[in-house]
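Observations on the model geometry
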Amino acid sequence: MKNINVGMIGFGYMGKMHTMCYDNIKYYYNTDVNINMYAVSNTSKANFPIKFEKVYSDYQGLINDENVDVIDICVPNFLHKEVLIEAIKANKHIYCEKPLAVDIESAHEVMEAYKKYNFNKTSRITFEYRFVPAIMRAKQMIDEGKIGKIIHFNFKYYGSEFIDPNRPISWQSTKEKSGGGVLYALGTHAIDLIHYLIGDIDEVYADKRTHFKKRPLSGTDKIIDVGIEDILNIQLYSGEIMGTLLLSQVAAGSGIDLTFEIYGETGAIKFAHENPNVIYYFNNDDEKSPIGGLSGFKAIETTQKYGGAASFPPPRVNIAWTRYHIASIYDFIDAVCKDRKAYPDIEDGYKVQLVTDAIYRSAEEKKSIMVR
Ligand SMILES: NC(=O)c1ccc[n+]([C@@H]2O[C@H](COP(=O)([O-])OP(=O)(O)OC[C@H]3O[C@@H](n4cnc5c(N)ncnc54)[C@H](O)[C@@H]3O)[C@@H](O)[C@H]2O)c1
């Protein structure tokens, strides 16, 4: 049995989520690893639902505690850079929420530390949609050549988190603290999926809008300017493949409205998060007849089919968002135990950051920008 001591930095929404995942791995997977929620550091008042052995008032103390094996970073975006650099220096395994950093300069600093200190531990930037079985199956089908050479694609990720004009300003809507709006909150997930399923994005053309330009400042009667975008329409290129990415956080009625369509020379794949239990597949070679034959999009059931050590609940059971995080954390812990890399890692997070930087520059300069 291997013991792994986890140190949580930040215990808000995602800190709670990650803790729940680590603590439940033993129910979901056949594994002999013992994950111990050892330490936590959180600046706001929080009721921890489990007992941590150590509570640190400063994250530096937690990182440098020699008993901590894994540093889990769930602080607001503007703190990712400094915490990541400390964790890299300490050469600890790192599980960090997206995005890598708030801007390209900060991302460069993280990568400089990564190289300077010869980081050789396991890392993960949390793009959990890579762990949706339907999307894993899409990747497998593309790699198997089931849709042939990819021609074009479209991705959309809409939410309604900012549709309420009275939602007060928070770190998520302050440019310096969040780095950006819908592009960072939702878009980074879609960009990572495009890299995963299609290939590296090398050119972008983007247009952005802030629909609600002023919002109340929490705890005051002040109304102040909003520094982040609500909507982004992006054209993307990956070599000869062209595509679009539409993003909104003011799309009334949208929950996790993540959809994509990928068209190849011999078939197509479609996914809609409204039903994450299936991936739709069209094969040009399916039998056709004047009244339809067997030609048409087929819903391939993927539900909770993870295979391998996943043992509970059974694969036929429907899937939901928390399960992607459990699968992502299990894969990371398995990589730590086997001393292997876990993807998406810090370098994948950096690749996403290069694209977000190009998108903002394109929207500002109103021209196409190469990603570099
Ligand atoms: N992958 C996803 O699906 C997903 C979803 C939501 C948020 N996120 C990401 O998760 C991260 C955290 O977001 P959240 O929604 O949990 O935010 P949050 O505001 O709910 O929680 C942040 C926590 O960090 C703590 N904190 C702030 N400064 C700290 C410091 N110096 N040391 C220790 N703790 C500190 C705060 O007290 C707070 O509890 C962000 O980077 C965000 O982009 C990812």
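Here is a short report on the structure shown in this document. (Residues numbered from 1 in each chain as written. Predicted model: local features only at pLDDT ≥ 70, side-chain atom pairs only at ≥ 80, totals over all residues.)

1. Thoughts on the sheet that holds strand S3 (residues 54-56)
Each strand in a sheet pairs with another by means of backbone hydrogen bonds, the pair being arranged parallel or else antiparallel. Just so we agree on the cut-off: Paired strands, as defined in this entry, are two strands with at least two bridges between them according to DSSP. In this description a helix means any DSSP run of H or I spanning at least four residues, a strand means any run of E spanning at least two, and both kinds are numbered starting from the N terminus. Axis geometry follows a simple rule: fit a line to the C-alpha atoms, using only the stretch in contact for helices, then measure angles between N-to-C directions, giving values from 0 to 180 degrees. Residues are defined as contacting one another if the C-beta atoms placed from their backbone atoms lie within 7 Å.
Strand order across the open sheet formed by six strands is S3-S2-S1-S4-S5-S6, with parallel pairing between neighbours. Across the chains shown, the open sheet's two edge strands, defined by having one partner strand only, are S3 and strand S6 (123-126). Recorded for the sheet is a direction-independent mean angle of 20° between the axes of neighbouring strands. Looking at chain direction, strand S4 (residues 70-73) and strand S5 (residues 93-97) are connected through four bridges and run parallel. Counted as the bridge partner of Ile-71 is Ile-94 from S5. Of the strands in this sheet, strand S1 (2-9), strand S2 (33-41), S4 and S5 touch helix H1 (residues 13-28), which is tilted by about 155° from S2.

2. Focus: the site of the ligand
Applied cut-off: Only the C-beta atom matters for nearness: placed from the backbone, it must lie within 6 Å of the molecule or strand for the residue to count as near. Any residue outside Ala, Val, Leu, Ile, Met, Phe, Trp, Tyr, Cys, Pro, Asp, Glu, Lys and Arg is labelled polar, Gly included; the first ten of those are nonpolar and the last four are charged.
Around the ligand, the surrounding shell holds 22 residues, and the nearest of these are Gly-10, Gly-12, Met-14, Ser-44 and Glu-97. It is H1 that provides the largest number of residues to the shell around the ligand, a total of three residues. Residues of the shell around the ligand, tallied by class, amount to ten nonpolar, nine polar and three charged.

3. A word on the environment of Thr-122
Stated formally: Buried, partly exposed and exposed are defined by the number of other C-beta atoms within 10 Å of a residue's own C-beta, namely 20 or more, between the two limits, and 12 or fewer respectively, with C-beta atoms placed from the backbone.
By secondary structure assignment, the location of Thr-122 is in the loop between helix H4 (104-116) and S6. For Thr-122, a count of 24 C-beta atoms within 10 Å puts it in the buried group. Along the sequence, Thr-122 and Ala-335 sit 213 residues apart, while their C-alpha atoms lie 6.8 Å from each other. The contacts of Thr-122, once residues within four sequence positions are left out, are His-93, Phe-332, Ala-335, Val-336, Lys-341 and Ala-342.

4. Here's the deal with the packing of H4 against helix H9 (residues 346-365)
Just so we agree on the cut-off: Angular relationships are summarised with four words: roughly parallel below 35 degrees, roughly antiparallel beyond 145, roughly perpendicular across 65 to 115, and oblique for the angles in between. For any pair of crossing helices, the crossing counts as left-handed if the nearer helix is rotated counterclockwise from the farther one by less than a right angle, and right-handed if it is rotated clockwise.
One way to put it is that H4 packs onto H9 with a least axis distance of 10 Å and a crossing angle of 155°. Comparing the axis directions of H4 and H9 gives the class roughly antiparallel. For the pair H4 and H9, the sense of crossing is left-handed. Of the residues in H9, those in contact with Ile-104, Ala-107, Met-111 and Tyr-114 of H4 are Ile-346, Tyr-350, Gln-353 and Asp-357. Taken together, the residues that form the contact of H4 with H9 break down as six nonpolar, one polar and one charged.

5. As for the sheet that holds strand S7 (residues 150-158)
The nine strands lie next to each other as S16-S15-S14-S13-S7-S12-S11-S8-S17, forming an open sheet whose pairing is mixed. Looking along the sheet, the strands with just one partner apiece sit at the ends: strand S16 (298-301) and strand S17 (369-370). Relative to strand S8 (residues 203-209), H9 is tilted by about 60°, and along the sheet it contacts S8, strand S11 (231-238) and S17.

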